[in-house]
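Chains, contacts and geometry: an overview
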Amino acid sequence: MRFVDTHCHLQAETFAADIAEVIAAADLAGVERILVPGWDEESSLAALALIDRFPGLAGVAVGVHPHAAAEADAPAWERISALAADPRVVAIGETGLDFDRMFSPRAAQLANLRRNLALALATGKPAILHCRSKAGERDAQDALLAELRAAGFGGEAGRAAFGERPPAVLHSVSGPVDYVEAALAVGCAVSVSGLAFRRGEEATAESVRLVPPDRILVETDAPYLSPPGAPRRRNEPAWVRVTTRWVAERRAEDPDELGQRLVANHDRTFSRGAASGASSTR
Ligand SMILES: [Zn+2]
């Protein structure tokens, strides 16, 4: 069976000592694509340094996470935007909204999300979206949908920049079923992580069935969100097998066919050297 890990923070400190072994283990497990997203300037640069060292990594995303929204000032954002031109940068992020932990004030998170979405449209590289509300609430999900629509995702601007490709990915999807449906209507791809196994995420698990075959993705979000069976202290890309087999089961799909499709979906969504929409969107 073939596997992809569309979201794996291999540049995190916890992998520094044995990164080569972790990548080799993923390789041996059949993980054919690993995408390494940044969360601020330093981690975006670290992701690029990592792909210099390990050119077999599928790609990198650069951007600013909602937790870091208030810290990343205008000059830092200028430098991150410049990194986005690198052909090995295949997506913008991770960005999004986190109204659960609120490490950055709401206004800073919204402003940060807007600049990341604008960069995605300008480069034709999809936005990787993190979204969390407090338990039982959905204000972050609703605000994210409103921002996507306001930026032109799912409309003229989105089509000009991305054509038929997904303009954004709901990374580590979490939220009510109708939120996922609305994001699908905007054209988003949906990436499932170990979070879907947790108590309180029943709606998330339910929504896994609803994603069209060409827009489903799977990830670890390592070193976080260990699926059942993986060590809690550090998740690794090889563990994407657990979540992927579960996704196949939930969707009543043949695992081998799903594996083939995951590789194709990854490559279509995060195509290197994708035609830039910059010329048509200004
Ligand atoms: Zn992440």
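Preceding this section is the structure that the text describes.
The paragraphs below set out a description of the structure included in this document. Please read these numbers as outputs of a predicted model, since none were measured by experiment.

1. Quick look at the state of the cysteines
- In total, this model carries zero disulfides according to the counting rule given.
- Between Cys 188, a free cysteine, and Cys 131, which holds the nearest cysteine sulfur, the sulfur-to-sulfur gap is 11 Å.

2. Quick notes on the coordination of the zinc ion
- Distances from the zinc ion to its protein donors, namely His 7 (NE2), His 9 (NE2), Glu 94 (OE) and Asp 221 (OD), fall within the range 2.0 to 2.4 Å.
- Sequence spacing of the donors to the zinc ion: H-x1-H-x84-E-x126-D. Of this pair, His 7 sits in the loop between strand S1 (3-5) and helix H1 (19-29) while Glu 94 sits in strand S4 (residues 89-98), placing them 87 residues apart in sequence.
- With a relative accessible area of 0%, His 7 lands in the buried category.

3. Remarks on the side chain of Thr 6
- Structurally, the position occupied by Thr 6 is in the loop between S1 and H1.
- Looking at Thr 6, the relative accessible area reads 2%, which means it is buried.
- Polar contacts involving the side chain of Thr 6 include one to the side chain of Ser 191, which spans 2.9 Å.

4. Brief notes about the packing of helix H5 (residues 139-151) against helix H7 (residues 177-186)
- Contact pair H5 / H7: the axes reach a minimum separation of 11 Å and the direction vectors enclose 10°. Here H5 lies roughly parallel to H7, going by the angle between them. Side by side, H5 and H7 meet where Gln 141, Leu 144, Leu 145 and Arg 149 of the first sit next to Tyr 179, Ala 182, Ala 183 and Val 186 of the second.
- Class assignment for the residues of the contact of H5 with H7 results in six nonpolar, one polar and one charged.

5. Some words on the pairing of strand S3 (residues 59-62)
- With burial as the criterion, each face of S3 is covered, one bearing Gly 59 and Ala 61 and the other bearing Val 60 and Val 62.
- With three bridges connecting them, strand S2 (residues 31-37) and S3 associate as parallel partners. The residue of S3 that forms the bridge with Val 36 is Val 60.
- For the segment spanning S2, helix H2 (residues 41-53) and S3, crossover handedness is right-handed.
- With three bridges connecting them, S3 and S4 associate as parallel partners. By the bridge assignment, Val 60 is partnered in S4 with Val 89.

6. Remarks on H1
- Taken together, the buried positions of H1 are occupied by Ile 19, Val 22, Ile 23, Ala 26 and Ala 29. End-on view of H1: buried residues confined to an arc of 125°, all on one side of the axis. Residues of H1 that are exposed and point over 90 degrees away from its buried face: Glu 21, Asp 27 and Leu 28.
- Where H1 is buried, its residues touch S1, S2, H2 and helix H9 (240-250).
- Looking one or two residues past H1, Gly 30 carries a phi angle of roughly 95°, positive in sign.

7. Overview of the layout of surface pockets
- By volume, the largest pocket amounts to about 690 Å³.
- Taken together, 31 residues make up the lining of the largest pocket; nearest its centre are Asp 100, Arg 101, Arg 132, Ser 174 and Leu 195.
- Only strand S5 (127-132) and helix H8 (202-207) provide two or more residues apiece to the lining of the largest pocket.
- A per-element tally of the lining of the largest pocket places H8 first, with three residues.
- Counted by class, the lining of the largest pocket contains seven nonpolar, twelve polar and twelve charged residues.
- Empty space within the second largest pocket amounts to approximately 210 Å³.

The rules we used
- Residues numbered from 1 in each chain as written.
- Predicted model: local features only at pLDDT ≥ 70, side-chain atom pairs only at ≥ 80, totals over all residues.
- Heavy atoms only, no water.
- Disulfide = S-S within 2.5 Å.
- Donors = N, O, S within 2.8 Å, 3.2 Å for Na, K, Ca; no water.
- Helix = DSSP H or I, 4+ residues; strand = E, 2+ residues; numbered from the N terminus.
- Buried < 20%, exposed > 50% of the residue type's maximum accessible area, 1.4 Å probe, protein only.
- Polar contact = N/O pair within 3.5 Å; in protein donor to acceptor, adjacent residues only side chain to side chain.
- Axes fitted to C-alpha atoms, helices over the stretch in contact; angles between N-to-C directions.
- Parallel < 35°, antiparallel > 145°, perpendicular 65-115°, else oblique.
- Contact = heavy atoms within 4.5 Å.
- Nonpolar A, V, L, I, M, F, W, Y, C, P; charged D, E, K, R; others polar.
- Pairing = 2+ DSSP bridges.
- Right-handed = clockwise from strand over helix to strand, strands pointing away.
- Arc of directions from axis to C-beta.
- 1 Å grid on protein atoms, 1.4 Å probe; cavity = no way out; pocket = protein on both sides within 12 Å on 5 of 7 lines; lining within 4 Å.
- Points joined across faces, edges and corners; volume = space filled by probe spheres on them.

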